[in-house]
Amino acid sequence: MPTEPHNEGHIHTTAPVVAPGLTFASVTDKISSIVLKRKTPIWWFAGFAISFVLFQLMLLTITKLVFEGIGLWGVNIPVAWGMDILNFVWWIGIGHAGTLISAILLLLRQQWRTSINRFAEAMTLFAVAQAGMYPIMHLGRPWLAYWLFPYPNTMGIWPQFRSPLMWDVFAVSTYATVSAMFWFVGLIPDFATLRDRARSKPFQIVYGMLALGWRGSARHWHRYEMAYLLLAGLATPLVLSVHTIVSFDFAAGIMPGWHATIFPPYFVAGAIYAGFAMVLLLTIPLRKVYGLENFITMRHMHNMAKVMLATGLIVAYGYVMEAFFGWYSGNKYERYMIWNRMHGPYAYYYWALILCNIITPQFLWIKKIRANLLVLWVIAIVVSIGMWLERFVIVVTSLHRDFLPSSWGMYQPSMWDWTMFIGTIGFFFTLLFLFLRFLPMISIFEMRTILPEAEVEE
Amino acid sequence: MAEDDPKDETWEHDLEDPEPFHHATTATTRGRRRGAPALYGIMAEFDNPTDLVAAARRTYEKGYRRINGYSPYPIEELSEAIGFTRTSLPLIVLIGGILGGLGGFFMQYWMEVIDYPLNVGGKPFNSWPAFIPITFECTVLVASFAAVLGMLVLNKLPQPYHPVFNAPNFALATRDKFFLVIEANDPVFKHDEAIQFMRTLGGIEVNDVEI
């Protein structure tokens, strides 16, 4: 675990990673009391209730979908992908920031990740759960989703491994599994802390079972640290591969606007961009209501805003290159595609996307704006919307007018597309509220490692 | 057991004993504590990591080998001080990754080339570049399982009961206290001597840990 000297503060901003004066005891008690002692605040019940109601919308939509088929949604030829795939990409992109924070920043020894990684990993897991639902429901016969996996069957056939859609199955299911394991391993020592702090028998038993008998043995820690580091090393190329493969869903097709080599890096940057926007969107209110300003400091806000700005610029480069490719290709379909994006029936979406994703984040160059949490929160919302628009533009504008004008059409999401989307947002927040109530949202043991008193003096 | 270097004299003690009950004979035949509950070891409590690491070093220098430290967060110096610096986990993960990669590739090869060759767009049956993404994902998946399960198995977790949980104050090992244990089955362990020695280590208190 990184325990290098705390002298890097002046390089970034003056704000420290953790506020001075915290001790092992105060950190442990503060974070575990949110789960164990504090009375559940009324806004928690309100938030959970609202999310849970919205979650029912998703269940309702799925039920109706199973009975009636995907004609329920606005998808049809020529736009057969519509909101299902764009929401899939949107959700899975959001998840990527969690892995970036927990794995890549760990390898880069960025101490500031410590107080947000648990929360961001939870966000990853819950976002991937929403993402996974879309392609399955979009299958038409979701109860046959297991056909996607290679298992010996009476039909004697196997999946078609040359298809990017199969790669997607493996990438997303591996990503979900590895993220869940990484998260659980990170939680084991904290489960032990909760087990030892819990007063009521049921909590002691449940946390005790989850802690697996963890007792902080030096031999255990040594292997634990090794396992954690190796998992981070494995998760790092994994997260890059996942969005790369998601972009292959598009790039391996020959549709104008999709068939571009820039897609993998541009999708990965977009995913991190959207993910950091979501982390900011959630942590800004959370640190306020739970009084965690000592743990999640202004340093975190500045750093996340900077990551958002940097990835936003990469995404902007992607948009510029898409337009450039359209023009430079000399291919009339490519040229028409980019013209249609800018001037066709969905031009509003395109220009709104440019406004949200390229223009808005430029404010983050200004230090005062990064320091203003309300403005930062609004920018995070705008970026989240912008990334949704980006996927809409990519999916819909390419599909609705391709090579043959006689087969052109328009796409209009139906009411059930929206109930499904709102429903997944509800499900996401339902899981998130449960997480906040029952698990420590900040990694307690990792917070201990970055306290000044954690250092062994020679 | 490739877990540790055999030349290191602690190698055979690297895994905490799964059957602590045979220590009972060790403790009683040495003529101490006859009639008392069997002894797991002696535990000293410290309130900061510096004292713990210094004490662990002194205990190791004194010749004790079955010793262990307990701390609320990982301390690199501590595992060095108790002479535990190697683990075969990276090797397990490497093997997992290699098996996952080979398994992933040849699963596709066997299905698409041998068991059910299917002409897709005139591509060769063994269109290996198209098999790489899934090969990669299988590599990462199996290696990650190897890392997590390997860590748990080597640590002998889950293990709901362990004698150290009986020690007073041990619940604070997951909060802000640090502990050092000399186990009773250490080859040079003598109860009174060990207690005397541990009292000189500068801890807060020293206690017997019963099984």
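This structure is a prediction, so every number in the text was calculated from the model and none was measured.

J.: Looking at this model, I keep getting lost on the overall build of chain B. Mind explaining?
T.: Helix and strand counts for chain B come out as 6 helices and 4 strands. When the helices and strands of chain B are read in sequence order from the N terminus, they spell out α-β-α-β-α-α-α-β-α-β. In chain B, which comprises 211 residues, the proportion classed as buried is 52%. Here the contacts in chain B between residues at least 6 apart in sequence split such that 78% fall between residues at least 24 apart. As displayed, chain B offers around 9600 Å² of accessible surface, 60% of which is attributable to carbon and sulfur atoms.

J.: How should I be thinking about the interface of chain B and chain A in this particular structure?
T.: By convention, interface size is frequently given as the accessible area that disappears when the constituent parts associate. Listed as interface residues are 74 residues of chain B and, on the opposing side, 60 residues of chain A. Taken over both partners, the interface formed by chain B and chain A buries close to 5800 Å², and the fraction arising from carbon and sulfur atoms is 66%. Counting every contact that joins chain B to chain A gives 2 salt bridges. Counting across the interface, chain B meets chain A through 29 residue pairs in polar contact (both at pLDDT 80 or more).

J.: What is the right way to look at the domain arrangement of chain B in this model?
T.: Assigned domains of chain B: these are domain 1 (20-86 + 161-210) and domain 2 (89-154). Computed from C-alpha coordinates alone, the two centres of domain 1 of chain B and domain 2 of chain B are separated by 45 Å.

J.: Would you explain the packing of helix α10 (residues 332-343) of chain A against helix α11 (residues 347-359) of chain A in this entry?
T.: The packing of two helices is summarised by the inter-axis angle and the distance between the axes. Residue and element names in this part refer to chain A. Here α10 crosses α11 at 80 degrees, and the two axes come no closer than 5 Å. Looking at the two axes, α10 sits roughly perpendicular to α11. Residues R341, M342 and H343 of α10 form the contact with α11, whose participating residues are A347, Y350 and W351. A breakdown of the residues in the contact of α10 with α11 according to their chemical character gives 4 nonpolar, 1 polar and 1 charged.

J.: Is there a simple way to think about the environment of M298(A) in this case?
T.: Residues and elements named next belong to chain A. Mapped onto the elements of the fold, M298 is located in helix α9 (residues 298-328). Judged by relative accessible area, which is 24%, M298 ranks as partly exposed. Considering only alpha carbons, one finds M298 and I85, 213 residues apart in sequence, at a separation of 36 Å.

J.: Would you take a moment to explain unusual backbone geometry for this structure?
T.: Backbone phi values are negative for most residues with the exception of glycine, while trans is the configuration of most peptide bonds. Of note, the amide linkage connecting I77(A) to P78(A) takes the cis form, showing an omega dihedral of 10 degrees. Turning to its location among the elements, P78(A) is positioned in the loop between α2 (42-68) and α3 (82-107). Omega for the bond connecting L157(B) with P158(B) falls within 30 degrees of zero, at -5 degrees, which places this linkage in the cis form. Within the secondary structure, P158(B) sits in the loop between α5 (128-154) and β3 (178-183). Positive phi is not limited to glycine here, since K156(B) has a value of about 55 degrees. Accessibility expressed as a relative area gives 33% for K156(B), which makes it partly exposed. The residue N169(B) is not glycine, and still its phi comes out positive at about 70 degrees. Residue position: N169(B) is located in the loop between α5 and β3.

J.: Would you explain the pairing of β3(B) in this entry?
T.: Residues and elements named next belong to chain B. Judged by how many residues are buried, β3 sits mostly within the fold: 6 of 6 residues are covered. The side-chain alternation of β3 yields two buried faces, one formed by F178, L180 and I182 and the other by F179, V181 and E183. Sheet topology places strand β2 (residues 67-70) next to β3; 4 bridges connect them, and they run antiparallel. Looking at β3, one finds that N68 is bridged to V181.

J.: What should I look at first to understand the packing of aromatic side chains in this one?
T.: For any pair of aromatic rings, the description rests on two quantities: the centre-to-centre distance and the angle between the ring planes. Counting across every chain of the model gives 65 aromatic pairs over all chains. Plain terms: the ring middles of W44(A) and F45(A) are 5.3 Å apart, the flat faces sit at 90 degrees to each other, and that makes the pair edge-to-face. Given the relative accessible area of 6%, W44(A) is considered buried. With a centroid separation of 5.9 Å and 55 degrees between ring planes, the pair formed by F324(A) and W327(A) is classed as tilted. With a gap of 3 residues between them, F324(A) and W327(A) both fall in helix α9, about one helical turn apart. For F324(A), a relative accessible area of 33% translates into the label partly exposed. For W327(A), a relative accessible area of 53% corresponds to the exposed category. By way of ring pairs, the aromatic residues W90(A), W91(A), Y346(A), Y349(A), W388(A), F392(A), Y411(A), W418(A), F421(A), F428(A) and F429(A) are connected into one cluster. We note R65(B) situated over the ring of Y60(B); from NZ or CZ to the ring centre the distance is 3.7 Å.

J.: What should I look at first to understand α3(A) in this one?
T.: Count 3.6 residues to each turn of an α-helix, and residues three or four apart come out pointing the same way. All names here are of chain A. Taking 1.5 Å as the rise per residue, α3 with 26 residues should run 38 Å; its terminal C-alpha atoms sit 37 Å apart, in good agreement. Taking the largest bend as the criterion, α3 deviates by roughly 40 degrees, centred on L100. Within α3, 25 of the 26 residues are buried, which leaves the element mostly enclosed by the surrounding structure. Positive backbone phi, at 55 degrees, marks R109, one or two positions downstream of α3.

J.: Which parts of the structure should I look at to understand the pattern of salt bridges?
T.: Opposite charge on two side chains makes pairing possible when the charged atoms of those side chains draw close. All told, the structure shown has 10 salt bridges over all chains when counted by the stated rule. Measuring nitrogen to oxygen at the nearest pair gives 2.9 Å for the salt bridge that ties E112(B) to R162(A). With E112(B) in helix α4 (residues 89-115) and R162(A) in the loop between α4 (117-138) and α5 (164-197), this residue pair bridges two chains. Residues D176(B) and R175(B) are paired through a salt bridge, measuring 3.5 Å at the closest nitrogen-oxygen approach. Comparing D176(B) with R175(B) shows no difference in burial state: the two are buried. Overlapping salt bridges, with partners in common, bring together D29(A), R175(B) and D176(B) in one network.

The rules behind the values
- Residues numbered from 1 in each chain as written.
- Chains lettered and ligands numbered in written order.
- Predicted model: local features only at pLDDT ≥ 70, side-chain atom pairs only at ≥ 80, totals over all residues.
- Heavy atoms only, no water.
- Helix = DSSP H or I, 4+ residues; strand = E, 2+ residues; numbered from the N terminus.
- Buried < 20%, exposed > 50% of the residue type's maximum accessible area, 1.4 Å probe, protein only.
- Contact = heavy atoms within 4.5 Å.
- Areas by Shrake-Rupley, 256 points an atom, 1.4 Å probe, with all protein chains shown as cover.
- Buried area = accessible area lost by both parts, 1.4 Å probe.
- Salt bridge = Lys/Arg side-chain N within 4 Å of Asp/Glu carboxyl O.
- Polar contact = N/O pair within 3.5 Å; in protein donor to acceptor, adjacent residues only side chain to side chain.
- Domains from an automatic or database assignment.
- Axes fitted to C-alpha atoms, helices over the stretch in contact; angles between N-to-C directions.
- Parallel < 35°, antiparallel > 145°, perpendicular 65-115°, else oblique.
- Nonpolar A, V, L, I, M, F, W, Y, C, P; charged D, E, K, R; others polar.
- Pairing = 2+ DSSP bridges.
- Phe/Tyr/Trp six-rings, centres within 6.5 Å; stacked < 30°, edge-to-face > 60°.
- Lys NZ or Arg CZ within 6 Å of the ring centre and 35° of its normal.
- Expected span 1.5 Å × (residues − 1).
- Bend = angle between axes of the 7 residues up to and from the residue.

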